[in-house]
Amino acid sequence: MNEKDMTLVEHIGELRKRLTIIVVFFLLAVIVSFFLAQPLINYLQFTEEAKNLTLNAFKITDPLKIYMQVMMILALFITSPVIMYHFWAFISPGLHDKERRATLSYIPFSLLLFVGGIAFSYLVLFPYVIGFMLNISDNLSIQETIGINEYFQFLFQITLPFGFIFQLPVLMLFLTRLGIITPMLMTKYRKYAYFILVVIAAFITPPDIISHLIVTLPLILLYEFSIVIAKIGYRKFVKAEQQQAIEEQQGLSGE
């Protein structure tokens, strides 16, 4: 049977099968992450930003909590290519052949952008924010006692959102290739998008203008880059639709 002609029950069965594969792979990734979490935690405790800080556990469960959180984050990252592939495989029957090949190629770029977002926030933003906070404490003659749980929660709050925000070009390209949005629409609502990005930056950063600019400017550039990428995807989408219409017309003429 053609996958496009599957019934609702068959689609649900297909979705359940793919979800089962993802869950099994995630459990395997958790086992692998169990051995990777400790070296990563040790590394993060002795980087340039953290080596001069004394990290304390205020609750007996704090070390276990951090270990489990890092383990889950690693497991999700390891599983993410499988999740994206099966999401693509589930919707691919509704795409043209060229769209299938094109959208499948987005997966490695999505992973690279996620890692790039994490790297940017950790190497550029996080050191500045830590220094800013410690300078405030010094100016106020406050001796900080930093909990390891609070330190890692702050680290996750600063870095992880950037991994997802940096997915914007791939997301816009994907939605454009599906015909859901257009670069003209993105251009028309640019000022509203800018406002949303400024609000996001305000939530991520501490209340100072420098760190806000460090975050806001890359986000705006990322949005503009997404428009450029979306234009490329839109041209290909229009071309594919025109080709499909020609083929259907030829098929009708042949009958």
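Every chain's residues receive numbers from 1 upward, in the order its sequence appears when written. Given that the model is predicted, a residue must reach a pLDDT of at least 70 before its local features are reported, and side-chain atom pairs must reach 80 or more before they are shown or counted; all residues, however, enter totals for whole chains, interfaces and linings. Just so you know, side-chain values use all the structure's heavy atoms and leave hydrogens and water out.

You'll find the chain entered in an unreviewed UniProt entry as Sec-independent protein translocase protein TatC, with Planomicrobium okeanokoites given as the organism. UniProt positions are given in the numbering used here, feature names are shortened, and annotations may be inferred rather than shown by experiment. Taken verbatim from the UniProt record of the chain, the Subunit (unreviewed entry) comment is "Forms a complex with TatA." Note on the chain: under the UniProt heading Sequence similarities (unreviewed entry), the record states "Belongs to the TatC family."

Asks: How would you summarise the overall build of the chain if you had to cite specific residues and measurements?
Replies: Helix and strand assignments come from DSSP, with helices taken as H or I runs of at least 4 residues and strands as E runs of at least 2, each series counted from the N terminus. From N to C terminus, the chain includes nine helices and two strands. To sort residues, take the accessible area from a 1.4 Å probe on protein chains only and compare it with the maximum for the residue type: under 20% means buried, over 50% means exposed, and anything in between is partly exposed. In the chain, which comprises 255 residues, the share counted as buried stands at 38%. Any pair of residues with heavy atoms lying within 4.5 Å of one another is described as a contacting pair. The contacts in the chain between residues at least 6 apart in sequence include a share of 85% that link residues at least 24 apart.

Asks: So, the layout of surface pockets: which residues are in play, and what are the values?
Replies: When its volume is computed, the largest pocket comes out at roughly 800 Å³. With a 1 Å grid spanning the protein atoms alone, the term cavity applies to any set of points in which a 1.4 Å probe fits but cannot get out, the term pocket to an open set with protein on both sides within 12 Å along at least five of seven lines, and the term lining residue to any residue with an atom within 4 Å of a point. As for the largest pocket, its lining consists of 23 residues, and the residues nearest its centre are I73, F77, F114, I118 and L160. Listed by contribution, the elements that provide at least two residues to the lining of the largest pocket are α1 (8-45), α2 (62-91), α4 (106-139) and α5 (148-165). Here the lining of the largest pocket gets eight residues from one element, more than from any other, and that element is α2. Taken together, the residues of the lining of the largest pocket sort by class into 19 nonpolar, four polar and no charged. What the second largest pocket holds in volume is close to 300 Å³. If you go around the second largest pocket, the residues you meet are I83, M84, F87, W88, T103, Y106, I107, S110, Q167, V170, L171 and F174. Looking at the lining of the second largest pocket, the elements that each hand over two or more residues are α2, α4 and α6 (168-177). Of the residues assigned to the lining of the second largest pocket, the class counts are nine nonpolar, three polar and no charged. Grid points are joined across faces, edges and corners, and a volume is the space filled by probe spheres set on the points. Asp, Glu, Lys and Arg are counted as charged, while Ala, Val, Leu, Ile, Met, Phe, Trp, Tyr, Cys and Pro are counted as nonpolar; the rest, among them Gly, fall into the polar class.

Asks: Quick one: what's the story with α1, residue by residue and with numbers?
Replies: The bend reported for a residue corresponds to the angle between axes fitted to the seven residues ending at that residue and the seven starting there. Of all the bends found along α1, the most pronounced is centred on L36 and spans about 35°, while P39, a proline, follows it within four residues. E14, R18, I22, A29, V30, S33, A37, I41, L44 and Q45 are the residues of α1 that are buried. The elements touched by buried residues of α1 are β1 (55-56), α2, α4 and α5.

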